[in-house]
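Letter by letter, the chains look like this.
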Amino acid sequence: MKRAIFPGSFDPITLGHYDIIKRGITLFDEIIVAIGVNANKKYMFSLEERKKFIEDTFADEPRVKVMTYKGLTVDFCKEIGVEFILRGLRNPADFEFEKAIAHTNRDLAPIETVFLLTSADTSYIASSIVRDVIRNNGDYTKLVPDSVRVK
């Protein structure tokens, strides 16, 4: 069975993330959305909220699982027996950044990184933009799955 993790903070999950996961399911038997926990990072949404947003979004897709982890992504891959990391690329800057991480990961463990280009209609969406729209009371609903609702 080919399994991949799709790591990130997902603060919150966006339609760009959704697109990559849905397209990734066509390549892999299972996608594990892996929410990384960084104690030094200030999140808008709690870990439980972020996990629930993703679980609710993919409630009807049994091949998408949601897990949380701390530490290096490659160590988490080894721990759960996953050989692939799935990443989305929005622009050339993303590619340069992700390429360096992919090379480092491959030096640390036998893990392959698979890149998917984001769809043209979601390529501009980033969680940081969504958070800014939310903070400024804008209409964020066009940028995230229906499961993401701010109280």
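Quick notes on the rules
Residues numbered from 1 in each chain as written. Predicted model: local features only at pLDDT ≥ 70, side-chain atom pairs only at ≥ 80, totals over all residues. Heavy atoms only, no water. UniProt positions renumbered as here; feature names shortened; annotations may be inferred. Helix = DSSP H or I, 4+ residues; strand = E, 2+ residues; numbered from the N terminus. Contact = heavy atoms within 4.5 Å. Polar contact = N/O pair within 3.5 Å; in protein donor to acceptor, adjacent residues only side chain to side chain. Buried < 20%, exposed > 50% of the residue type's maximum accessible area, 1.4 Å probe, protein only. Arc of directions from axis to C-beta.

### Examining the UniProt feature "binding site: substrate" (unreviewed entry) in the protein chain
- In the numbering adopted here, UniProt assigns the feature "binding site: substrate" (unreviewed entry) to Ser9, Lys41, Thr73 and Arg87.
- Within the element layout of this structure, Ser9 appears in the loop between strand S1 (3-8) and helix H1 (15-24).
- Residues within four places of Ser9 in sequence aside, it is in contact with Ile35, Lys41, Tyr43 and Arg50.
- By the secondary structure assignment, Lys41 is in the loop between strand S2 (30-37) and helix H2 (47-57).
- There is a polar contact of 3.5 Å between the side chain of Lys41 and the side chain of Ser9.

### Observations regarding helix H5 (residues 127-135)
- For H5, the full list of buried residues reads Ser127, Val130, Arg131 and Ile134. All buried residues of H5 fall inside an arc of 100° around its axis, so they share one side.
- Buried residues in H5 make contact with H1.
- Directly after H5, the chain includes Asn137, whose backbone phi takes a positive value near 60°.

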